[in-house]
Amino acid sequence: MATVIGVRFKNSGKTYSFDPDGQILNVGDKVIVETAQGIEMGEVVFGNREMSEEQLNSPLKPIVRIASMEDIQKANDNIKKQEEAMKICQRKIVEHNLDMKLTEVEYSFDGSKILFYFTADGRVDFRELVKDLASTFHTRIELRQIGVRNEAKMLGGLGICGQPFCCKQFLPDFEPVSIKMAKEQGLSLNPTKISGCCGRLMCCLKYEQDTYEELMKLTPKIGSYVKTEQGNGTVVESNLITGKLKVRMQKNPDAIPTTCHRDDVKVLQEGRGKVSSANRMNEQEAELSKLSEEE
């Protein structure tokens, strides 16, 4: 077993494990650690805890030190420098007539590197821009092209639900999202209704999928032949969330379908859960729009 702490460098970023080096650390403490990007300051998101060697992906690095007031002040100064660097870089992008959109600027803790994130429709030759920025800031310059989902995560905003973007608020990673998830969750396959502000399929389709898959195991599919208190019939409509079913009774098929709960029926023959022709048209529309997961 090893004692570890969790450290995060951005509010909604990944959590990395470090060796507390014999010190007791609490949530919210600032620490200086060594990363692949160099020396950085992060925030403790979970304090000392025991983990088995199997749970650790790689050997633990010990923290360098608990952040001092000088370290915290340095990090705050870097934030101010980032704002100024953003203005300078945007001006130089215009001067070099480059078709790119600057998204965010990030100073390394020790100031040895400045990282500029940008989006663009295609490849951009920014070699002259890098030289210009290096001569201006007299430090190492790195430009990194990102996708539209990462841009949304950095900039933030409000989704169609009226809540802050999930990626900005709490999601540490992007995971693949597919049209199949929208189908299984009974959503309209209109691209404008299942896309986020980034233009990609909404992230919530992915992290809600596990719940829907569990409910699908409990809920009879459309077309299933079931036994109810009123008699036998065929499921013509189902609601995974509420568990309510509409069953067309065998003894009176022309009557309005009977409403019952999935817990009150017994499946006699499993249906195939075929979608209606209207849904098929929507599927084709979605596929033609090529609404799919970004890289």
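It should be noted that the structure appears before, not after, this text.
A short tour of the structure in this document, coming up. (Residues numbered from 1 in each chain as written. Predicted model: local features only at pLDDT ≥ 70, side-chain atom pairs only at ≥ 80, totals over all residues. Heavy atoms only, no water.)

A few words now on the overall build of the chain. A count of helices and strands for the chain gives 9 helices and 13 strands. Whereas a compact globule of 295 residues would reach a radius of gyration of roughly 19 Å, the chain reaches 27 Å, over 25% beyond that. Along the first, second and third principal axes, the C-alpha atoms of the chain reach 85 × 55 × 30 Å. Here the chain holds 295 residues, and 36% of them are scored as buried. Intrachain contacts of the chain at a sequence separation of at least 6 include 57% that bridge at least 24 residues. Here the chain holds 41 positive side-chain charges and 44 negative ones, and the gap between their average locations is 5 Å. (Helix = DSSP H or I, 4+ residues; strand = E, 2+ residues; numbered from the N terminus. Rg over C-alpha atoms; globule rule 2.2 N^0.38 Å. Buried < 20%, exposed > 50% of the residue type's maximum accessible area, 1.4 Å probe, protein only. Contact = heavy atoms within 4.5 Å. Lys, Arg positive; Asp, Glu negative; His and termini not counted. Charge placed at Lys NZ, Arg CZ, Asp CG, Glu CD.)

The tally for this structure, following the rule as stated, stands at 12 salt bridges. Between E142 and K113 there is a salt bridge, with the nearest N and O atoms lying 3.6 Å from each other. Of the two residues, E142 sits in strand β8 (residues 140–145) while K113 sits in strand β7 (residues 113–119), which places them 29 residues apart along the sequence. With a relative accessible area of 9%, K113 lands in the buried category. Between E128 and K131 there is a salt bridge, and its shortest N-O distance comes to 3.6 Å. Taken as a pair, E128 and K131 lie in helix α2 (residues 127–137) at a separation of 3 residues, close to a single helical turn. For E128, a relative accessible area of 49% translates into the label partly exposed. (Salt bridge = Lys/Arg side-chain N within 4 Å of Asp/Glu carboxyl O.)

We now examine the nonpolar core. Core analysis: the largest hydrophobic core is formed by 19 residues, its most contacted members being M100, F116, L133, F137 and L143. Mapped onto this core, the elements with two or more residues apiece are α1 (69–95), β6 (101–107), β7, α2 and β8. Broken down by element, the residue count for this core peaks at 5 residues, all from α1. When neighbours within four sequence positions are excluded, L133 is seen to be in contact with C89, K92, F116, H138, I141 and L143. (Core = buried A, V, L, I, M, F, W, Y, C linked by side-chain atoms within 4.5 Å.)

Our focus in this paragraph is the environment of F137. Locating F137 in the fold gives a position in helix α2. Beyond its immediate sequence surroundings of up to four residues, F137 is in contact with A85, I88, Y107, I114 and F116.

Taking strand neighbours across the sheet as the criterion, the 3 strands line up as β6-β7-β8 in an open arrangement whose pairing is mixed. The open sheet has two free edges, formed respectively by β6 and β8, since each of these has just one partner strand. Neighbour-to-neighbour, the strand axes of the sheet open up by a mean angle of 20°, direction not taken into account. As judged from the 6 bridges shared by β7 and β8, these two strands associate in the parallel manner. Note that in β8 the partner of F118 across the bridge is Q145. The strands that α2 touches are β6, β7 and β8; relative to β8, the one it contacts most, it runs at about 140°. Against the sheet, helix α3 (residues 148–155) makes contact with β6 and β7, and its axis sits at roughly 60° relative to β6, the strand it touches most. (Pairing = 2+ DSSP bridges. Axes fitted to C-alpha atoms, helices over the stretch in contact; angles between N-to-C directions.)

Counted under the stated rule, the structure contains 0 disulfides. Between C161, a cysteine without a disulfide, and C166, which holds the nearest cysteine sulfur, the sulfur-to-sulfur distance is 6.2 Å. On the basis of relative accessibility, which here comes to 59%, the residue C161 falls in the exposed class. Take C166: it sits in no disulfide, and the sulfur closest to it among the cysteines is that of C204, at 5.8 Å. (Disulfide = S-S within 2.5 Å.)

So, about the packing of α1 against α2. For any two helices packed against each other, the geometry is given by the interaxial angle and the distance between the axes. At a minimum axis separation of 11 Å, α1 and α2 run at an interaxial angle of 140°. The pairing of α1 with α2 is recorded here as oblique in orientation. Handedness of the α1/α2 crossing: right-handed. The residues of α2 that touch α1, namely those facing A85, I88, C89, K92, I93 and E95, are L129, D132, L133, T136 and F137. (Parallel < 35°, antiparallel > 145°, perpendicular 65-115°, else oblique. Left-handed = near helix turned anticlockwise from the far one by under 90°.)

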